[in-house]
Amino acid sequence: MERPLTEHIRKDHRPLTLREYEQTGGYQSVRKALKEMTPASIQSVVKESNLRGRGGAGFSTGLKWSFVPMDAPKPKYLIVNADEMEPGTFKDRLLLESAPHQLIEGMIVSAFALQADTSFIFLRWAYKEAARNIRFAMQEAYDAGYLGVNILGSGFDLEMHMHTGVGRYMCGEETALLNSLEGKRATPRAKPPFPQVSGLFGKPTIVNNVETLSCIPHIINKGADWFQKLSRTSDAGTKLFGVSGKVKHPGLWELPMGITMRELLEEHAGGMQAGLKFRGALPGGASTDFLVTEHLDVKMDYASIAAAGSRLGTGTMIVLDDKTSVVGFVRNLIQFFAQESCGFCTPCREGLPWIEKILRSLEAGDGEQNDLKLLDFHTKYLGPGNTFCALAPGAMEPLQSALKYFRADFEQYIAAELQTLAQGLPAERKQRLITDISKF
Amino acid sequence: MLTLEEVHEIDEAVKVVPYKKAACIEALKIVQEHRRWISDESLKEIAAHLDMSAEELDSVATFYNMIYRKPVGRHIVLLCDSISCWVMGYENIRDAVMQRLEINYGETTRDSRFTLLPNPCLGTCDHAPALMIDHDLYRDVTIDQLDDILNRYT
Amino acid sequence: MAILYIDNKPYEIPTGKNLLETCLTLGFDVPYFCWHPAMGSVGACRQCAVKVYKDENDTKGRLIMSCMEPVANNQRISISDPDAKEFREQVVGWLMTNHPHDCAVCDEGGSCHLQDMTVMTGHNYRKFKYKKRTYTNQYLGPFLNHEMNRCIQCYRCVRFYKDYAGGKDLDVFASKNNVYFGRAEDGVLESEFSGNLAEVCPTGVFTDKTLKQHYTRKWDLTMAPSVCQHCSIGCNTIAGERYGSLRMIANRYHGEVNGYFLCDRGRFGYEFVNAKDRIRKPMMRHQEVDHTTIIHELSILLKQPGVIGIGSPRASLQSNFALKALVGEHNFYHGVSDNEHDLAELAVKILNEGPVRTPSTKEVETADAVFILGEDLTNTAPILALAVRQSVKQEPSAQAVQVNIPLWNDAAVRGIVQDRKGPLYIASIHATKLDELAAATYRATPDDIARLGFAVAHILDESSPVVENLTDDQYQLAEQIARALLAAKEPVIISGAGCESDAVMKAAANISWALQKRNEQTGLVYTMLECNSMGLAMMGGHRLQAAFNAVMNGHAHTVIVMENDLYRHGNKSDVDAFLAACKNIIVLDHSMHATSSKAHIIIPAGTFAESDGTLVNNEGRAQRFFQVYEANEVISESWRWLLNIGAAMGNMRINAWKNFEDITQAIANEEPLLRGIDTITPSPQFRLAGQRIPREPHRYSGRTSMNAKDNVSEPKPPEDADSPLSYTMEGYRGAPPSSMIPFFWSPGWNSVQSVNKYQETVGGPLRGGDPGLRLLEPDATKPVLYFHGIPEAFKPLEDHIWILPLHHIFGSEELSAKSPSVEKRIPSPYILIHAEDAANLALHENEPLTFYIRHHTYSLPVKITTAIPHGVAAVPYGIKAIPCSELPEWATLKDESQINVYTHARVNVKQT
Ligand SMILES: Cc1cc2nc3c(=O)[nH]c(=O)nc-3n(C[C@H](O)[C@H](O)[C@H](O)COP(=O)(O)O)c2cc1C
Ligand code: SF4
Ligand code: FES
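Here goes a summary of the coordinates provided. (Residues numbered from 1 in each chain as written. Chains lettered and ligands numbered in written order. Predicted model: local features only at pLDDT ≥ 70, side-chain atom pairs only at ≥ 80, totals over all residues. Heavy atoms only, no water.)

## Here's the deal with the overall build of chain A
On a plain count of helices and strands, chain A comes out with 18 helices and nine strands. Against the 2.2 N^0.38 benchmark of 22 Å for 440 residues, chain A shows a C-alpha radius of gyration of 24 Å, consistent with a compact globule. With the principal axes as the frame, chain A shows a C-alpha extent of 90 × 45 × 35 Å. Looking at chain A as a whole, 67% of its 440 residues are labelled buried. Considering only contacts within chain A whose residues lie at least 6 apart along the sequence, 70% involve residues at least 24 apart. For chain A, the accessible area works out to roughly 14800 Å², and carbon and sulfur atoms hold 52% of it. In chain A, 50 side chains carry a positive charge and 50 a negative one; their mean positions are 1 Å apart. (Helix = DSSP H or I, 4+ residues; strand = E, 2+ residues; numbered from the N terminus. Rg over C-alpha atoms; globule rule 2.2 N^0.38 Å. Buried < 20%, exposed > 50% of the residue type's maximum accessible area, 1.4 Å probe, protein only. Contact = heavy atoms within 4.5 Å. Areas by Shrake-Rupley, 256 points an atom, 1.4 Å probe, with all protein chains shown as cover. Lys, Arg positive; Asp, Glu negative; His and termini not counted. Charge placed at Lys NZ, Arg CZ, Asp CG, Glu CD.)

## A word on the environment of C:Ser636
When you line up the elements, C:Ser636 lands in the loop between strand E26 (621-625) and helix H22 (638-648). Considering only alpha carbons, one finds C:Ser636 and C:Asp612, 24 residues apart in sequence, at a separation of 9.6 Å.

## What about the site of ligand 1?
Residue and element names in this part refer to chain A. In the vicinity of ligand 1 lie 18 residues, with Gly55, Lys64, Asn208, Asn209 and Thr212 positioned nearest. The contact in question runs from an oxygen atom of ligand 1 to an N or O atom on the backbone of arginine 54, over 3.2 Å. Between ligand 1 and lysine 64 there is a distance of 2.9 Å, counted from an oxygen atom to a side-chain nitrogen or oxygen. Bound to the protein, ligand 1 loses 89% of the 610 Å² it would expose on its own. (Near = heavy atom within 4 Å. Polar contact = N/O pair within 3.5 Å; in protein donor to acceptor, adjacent residues only side chain to side chain.)

## As for the site of ligand 2
Residues and elements named next belong to chain C. With respect to spatial proximity, the complete set of residues near ligand 2 consists of Cys228, His230, Cys231, Gly234, Cys235, Leu262, Cys263, Arg265, Gly266, Pro382 and Ile383. Listed by contribution, the elements that provide at least two residues to the shell around ligand 2 are helix H7 (264-268) and helix H13 (382-391). Along the lines of polarity and charge, the residues of the shell around ligand 2 split into seven nonpolar, three polar and one charged. (Nonpolar A, V, L, I, M, F, W, Y, C, P; charged D, E, K, R; others polar.)

## Regarding the packing of helix H3 (residues 39-49) of chain A against helix H9 (residues 210-222) of chain A
All names here are of chain A. Look at H3 against H9: their axes get within 10 Å of each other, and the N-to-C directions meet at 100 degrees. The orientation of H3 relative to H9 falls into the category roughly perpendicular. On H9, the residues touching Ile42, Val45, Val46 and Ser49 of H3 are Ile216, Ile219 and Ile220. (Axes fitted to C-alpha atoms, helices over the stretch in contact; angles between N-to-C directions. Parallel < 35°, antiparallel > 145°, perpendicular 65-115°, else oblique.)

## Let's talk about the interface of chain C and chain B
Each side of the interface is counted separately: chain C has 15 residues, and chain B has 10 residues. For the chain C and chain B pair, buried surface summed over both sides reaches about 960 Å², with 50% attributable to carbon and sulfur atoms. Across the chain C-chain B interface, the total number found is two salt bridges. Where B:Lys44 meets C:Glu185, a salt bridge forms, and the shortest distance between an N and an O atom there is 3.2 Å. Counting residues per element, the side of chain C that touches chain B draws most heavily on strand E7 (residues 171-173) of chain C, at three residues. Along the lines of polarity and charge, the residues of the side of chain C that touches chain B split into five nonpolar, three polar and seven charged. (Buried area = accessible area lost by both parts, 1.4 Å probe. Salt bridge = Lys/Arg side-chain N within 4 Å of Asp/Glu carboxyl O.)

## Some details on the packing of helix H14 (residues 346-363) of chain A against helix H15 (residues 369-381) of chain A
Residues and elements named next belong to chain A. Where H14 meets H15, the closest approach of the two axes is 10 Å, and the angle between their N-to-C directions is 150 degrees. Taken as axis vectors, H14 and H15 run roughly antiparallel relative to one another. Seen along the crossing, H14 lies across H15 with a hand that is left-handed. Across the interface between the two elements, Gly351, Trp354, Ile355, Ile358, Leu359, Ser361 and Leu362 of H14 pack against Asp371, Leu374, Leu375 and His378 of H15. Of the residues belonging to the contact of H14 with H15, the class tally is seven nonpolar, three polar and one charged. (Left-handed = near helix turned anticlockwise from the far one by under 90°.)

## Comments concerning the packing of aromatic side chains
The description of two aromatic rings rests on the distance between their centres and on the angle between their planes. Overall, the coordinates contain 44 aromatic pairs over all chains when judged by the stated rule. Taking 5.1 Å as the distance between ring centres and 75 degrees as the angle between the ring planes, the aromatic pair formed by B:Phe63 and B:Tyr64 counts as edge-to-face. Each member of the pair, B:Phe63 as well as B:Tyr64, carries the same accessibility label: buried. For the pair C:Phe87 and C:Trp94, a centre-to-centre distance of 5.9 Å together with 75 degrees between the ring planes defines the contact as edge-to-face. Side by side, C:Phe87 and C:Trp94 carry an identical accessibility label, which is buried. In this structure, C:Lys127 is placed above the aromatic ring of A:Phe377, and the distance from its NZ or CZ to the ring centre is 5.8 Å. Seen from the ring of C:Tyr243, C:Arg242 lies directly overhead, with NZ or CZ sitting 5.0 Å from the centre. (Phe/Tyr/Trp six-rings, centres within 6.5 Å; stacked < 30°, edge-to-face > 60°. Lys NZ or Arg CZ within 6 Å of the ring centre and 35° of its normal.)

## Considering a nonpolar patch on the surface
Residues and elements named next belong to chain A. Among the surface-exposed residues, Phe59, Leu63 and Phe67 lie close enough to one another that they form a single nonpolar patch of about 280 Å² accessible area. On the secondary structure map, phenylalanine 59 appears in the loop between H3 and helix H4 (61-66). Looking at phenylalanine 59, the relative accessible area reads 41%, which means it is partly exposed. (Patch = residues over 30% accessible without salt bridge, like charges linked within 9 Å, V, L, I, M, F, W, Y side chains within 5 Å.)

## Some remarks on helix H17 (residues 472-487) of chain C
Residue and element names in this part refer to chain C. When the terminal C-alpha atoms of H17 are compared, their 22 Å separation across 16 residues agrees well with the 22 Å that a helix rising 1.5 Å per residue should span. The set of residues buried in H17 consists of Gln474, Leu477, Ala478, Ile481, Ala482, Ala484 and Leu485. Down the axis of H17, the buried side of the element spans an arc of 165 degrees, and every buried residue falls inside it. The exposed residues of H17 that point more than 90 degrees off its buried face are Asp472, Gln476, Arg483 and Ala487. Summarising the contacts, the buried residues of H17 are in contact with strand E17 (369-373), strand E18 (424-428), strand E19 (440-443), helix H16 (446-460), strand E20 (491-496) and helix H18 (502-516). (Expected span 1.5 Å × (residues − 1). Arc of directions from axis to C-beta.)

## Side note on the pairing of strand E9 (residues 316-321) of chain A
All names here are of chain A. Burial analysis of E9 places six of its six residues in the buried class, the great majority of the element. Residues Thr316, Ile318 and Leu320 line one face of E9 and the alternating positions Met317, Val319 and Asp321 line the opposite face, and both faces are buried. Bridge analysis of strand E5 (residues 238-244) against E9 gives three bridges, and the strand direction is parallel. Across the sheet, glycine 242 pairs through a bridge with threonine 316, a residue of E9. (Pairing = 2+ DSSP bridges.)

## Overview of the interface of chain B and chain A
Facing the 38 residues of chain B at the interface are 52 residues of chain A. Summing both sides of the interface, chain B and chain A together bury roughly 3500 Å²; the carbon and sulfur share of this comes to 63%. In terms of surface lost to chain A, no three residues of chain B exceed B:Phe63, B:Ile83 and B:Trp86, which account for 20% of the buried area on that side. Counting across the interface, chain B meets chain A through zero salt bridges. At the boundary of chain B with chain A, the tally comes to 17 residue pairs in polar contact (both at pLDDT 80 or more). Partitioned by chemical class, the residues of the side of chain B that touches chain A number 23 nonpolar, eight polar and seven charged.

## Re empty space enclosed by the protein
Residue and element names in this part refer to chain C. If you walk through the whole model with that rule in mind, you get 17 cavities of 30 Å³ or more. Put simply, the largest cavity is a space of about 570 Å³. In terms of lining, the largest cavity is formed by 36 residues, of which the most central are Glu199, Lys218, Ala250, Ser751 and Val752. With four residues, strand E12 (residues 245-251) is the largest single contributor of residues to the lining of the largest cavity. The residue makeup of the lining of the largest cavity, split by class, is 21 nonpolar, eight polar and seven charged. For the lining of the largest cavity, the domains that each give at least three residues are domain 1 (2-95) and domain 2 (136-213). Volume-wise, the second largest cavity comes out at about 120 Å³. Considering the residues around the second largest cavity, the lining is formed by 18 residues, among which Gln229, Glu563, Gly606, Thr607 and Phe608 are closest to the centre. Residue composition of the lining of the second largest cavity, by class: six nonpolar, eight polar and four charged. (1 Å grid on protein atoms, 1.4 Å probe; cavity = no way out; pocket = protein on both sides within 12 Å on 5 of 7 lines; lining within 4 Å. Points joined across faces, edges and corners; volume = space filled by probe spheres on them. Domains from an automatic or database assignment.)

## Structural notes on the sheet that holds strand E29 (residues 773-774) of chain C
Residue and element names in this part refer to chain C. Taken in spatial order, the three strands of this open sheet run E25-E26-E29, and their pairing is antiparallel. Strand pairing shows two members of the sheet lacking a second neighbour, strand E25 (613-616) and E29, which therefore form its edges. Bridging between E26 and E29 involves two bridges; their strand directions are antiparallel. Residue pairing across strands places alanine 622 opposite leucine 773, the latter belonging to E29.

Shape descriptors only; they carry no functional weight alone.
Shown next, in the form of structure tokens:
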């Protein structure tokens, strides 16, 4: 099984030096791209490769690139989104810490394809080790002439800068990231205009995920067909898949696109910890819908997971076991999203804390019947398009699917509450309360 | 007063962007790196250096959670409170840390040694629960390790 | 045009707008918060959701924010769709989770956008049962109150304050559901436009602090359409009264003059009307007398020969005309300094006889290149400064249009524009607030500013006079400006009387004329010093010095000074001598000042709030203001006093004028430049459905009891003989003619947002046309006769300093300066000098500089700057203890006795 992204990562995760990296075939794609290819031909290879963005949305990278006006005057920007902050997601960290040259190589080729002259690595502040390694690798690349002016004598110039963030999940949303890079509050921007047309400092800009860009050198070296064939399904390539939660061996693996959830869970993560049962999982980070036992044979690729009612997201699965409270699980997620809301649009800013309060009150035994209706209501109206960006709709995915698959768990909390309440009530009112519950 | 060193570092950051203001987050980081936190005074000085008003800069500074607008201790303990760590029982770690340091979230120990803050996902979910102290990441943390870990910081 | 289906009914609509604006223009009630017609859309509040359908077969549709969606042909939307309605209701539900529900004690209550939207969306029952978050409020200065708990986070305040008005000290802090709108710390809001927050904020976070001090629910006010009296722009206002005092000034939308906004001078300067030391009773030689007596006495006194009248640039056309009629054309003098007199006449001449049109404020907003000569607009014509702030966005936002971003898509346009600014050039004496937007600034004396202007004109057209001895820098700057103006589609040149220089105004004219030859869209704006400077100049009359001479030479001995403090316009010694020489000084005014304190006879005039009148703004637009309330029986308009006196004197001409309409018609007939001013509002006989137009909303309360302590029977309301407005709540309920809207209200729209219902299109002209009549339209066929007589470059003079006045929004204007809230913002006296001059004089900040003008000694604390030319000093105009009427002038720095008498070093520019 080929593992292009991780095969040269050392066991101890120490990154390769430039020399070592070159010995593994590193920077070949830069030579090939700059000397033998045109921006247009690179773009078409990437399009043919069927590479889909690994940042969560799975948008075709080639298609995204094609929206950049090629005749626009400089500056044009390429930005790598290394803000990984989605709970349960820990895949980019590996590539950033242990394969910085692979990312830089991918950025150079991509920048050439887009004729971008300036690139930024927007790195999450918490990734201190990554920051060190990237800084070192960047310097090596500059010294070796892979960055700077007239790269390898091709006439192509590229500056690369690293910006480390100062917190906030919103910075991962690509337009909020642009605002943050401009020294502003990381609130998202309305689209249109798309960043490809008016992005950083109002100039054409592409934002791609770390893993996405790390795929580029391999696609250029080995071709679109090869990349497609790495996968078991129509969504091309390998993917970093991770599992966290109460499994025997939580971890991160590069595997072909399209392996099943069961394989991932049982063969790679070693199955559930002793005494625990699998109840469900968020297949791709905190903002994806729960999948449950019946979905274990669903293939992990964009299309199949979508067909099962969730999203591949970042491909890092969070497992829910039978001893963990569903309500607590969802509350923890919502608490995160409420905390990370930028505060710009009403439904997200006010709706999420409200949901959090409801869930907390359920946990505390203060739930009311109407609470479930309110939760349903919020999942309906915090959907895509109703809020300004995808944060709140993302937050609704685990909630709505939990309400779908584990509704009884929520009801139990209320029922328990009603029972205690009812003890002090006249018989007739007691009856009404009890029958009301059955309506859920 | 901003030190010469701070001014120099800020000016370097300004060179990367098309206009001064755009470097304001870098500037906040630089000064925080030197002084641990951004006081009202520092804020005004940075703002003046970048031709911004205090309001404009504070609007940015208060948006981000890693810019500290209140004094912090010598070491900052960031406890991951997100989903995987929650599943893996971070709440026990939290309680233990709070008990040992005798502080709540957002507080600083009386000897100014530690400030304790909750923090969203540290991106090491396969090794939950996790915490960070200053630049050091601790993974698969158990309660028995806590004393050992904390003792490394004076 | 396109077809838009709303709930399956087709509507013909223009393209280019967003759905929200379009629906509002069509008359639909779509709720919104964050969108503002002047500031565009950002999509933050999510209140304006509607459903959109792919085609007629799509039954599901999806929710969209109507403010963010461009209209498209054959688009199908639904406003009444149940999902859309439920979502909109819930948006209010969400906003209410933290709102304190303190309507009963909130100043906004009953005229609150949030209340209206709550009712409109049908949000009745609270489902949120948890604790609310609370905030601490800030002290924001004398104008605004802050109550953050009421905030609904629509971001309008920062968008107005920062993005629209260029303020720096208000922003949004923190994030999530903890965002806070305010200052970095407690303190006075610096922007000159801060008061608009009270109208821009959809709830009661920012409210009018001056109203709070004598609080009245807005529907309990008796209101009339008025015109701001505090600068020459003439913003349209709504003035509201209760219990005999003026309580509030609010914006009255005008599509061309002031749009949705007012400046703080205009909004908060009204309280001179309520001042304790108002002149309220007629006085003869310190004795109070009644109405009959005073009229009788005056009719005798004024019949004698030797009576002259001094008018006023802050009095209405009617009052000035009545005075002129009473004393006779030969004896009527404009009450402004001779220099200001000449400047105003020059402006009229240039605009009336020259080929270039003067644009409205709205047109300045859309200018794509602006050159300002000599004016500090923020302080002399604030709303025009606000317009210039918008103009610099014009050129760069063309890029947005190129990539199909409509200009209403505010955040997107900002994203593309970034910090780029269109061409704005400013030549001024001292730094101005607009400098931050300028491509280049030039700080110089008025003469040097004029030289730069003449140079620009010469570059544009060689047949205009050439400027000798320019430095290379000056020439290059002139070239740069000329190039920018030539490249523009709608360039505008702005100048005015602010720096007291005819050369500057002439240079501005030359530039615009030279430009006009190449580009017919060129505009030329002059700002004047007072609200009716232009009108007075259009009426004709003699210079003030001539009035002084008339008395000093013994030709006259009795003077009627109307609404004028002569000390603001004449040299102190001259005015002293003049007043001392007058046998009878009759002052007709509403407020006490240095002149009235020397009067033998004082007649209590009405302020604008107690008067009807017409003013002509700097654009040459005649605008009517209406009496808000009848003052006590003796106080009345100056013109009415004068008509009564004239009638008592047996003046047949005057006797024929019984009311406002009569005198206005007389002006229109007799004053050629003022023809048509009798048509700008309907006549007093005008009725709609047989009814008057009420000054009070139908929600007005308490009228049967408000005077009960004096009289249990409800007094009969006064009859208005001068206008079709009534003083009650009875009358026509529909929309009145656009020139006489006393308040904005529409069913379901109790807040100022109801103005949408009065406009032809949202943000466009009022239905029936924006009020007022432009009196000065150019004749483009006239040959251009350039001004010659270019002044020489300024040279500092040893032991002397050339003192110029600097205008301040707070303090320089006479009436607003009497308002207690404005008073708190008046700078203390200073003299501003260049750092090198300070060094030469061995002076430090705040140390006193003693100087001498015409044998008078002055001493003021110095302020040191590098933003003023060498050898020049500036003092605040109109502020007590400062001799602004003597300026500009050379002052000596040494004791006069030690210096030889010198001749005036300024080269006088004679018009050719
Ligand atoms: C709230 C939010 C947070 C996001 N965080 C990240 C992130 O941390 N890293 C990332 O690559 N993409 C993140 N995304 C997705 C980005 O907006 C964007 O789609 C992605 O960076 C594009 O890269 P790709 O096309 O290579 O996937 C986030 C999106 C949202 C709405
Ligand atoms: S002071 Fe001038 S600009 Fe301000 S409101 Fe009055 S007329 Fe308008
Ligand atoms: S008015 Fe449309 S989102 Fe606020």
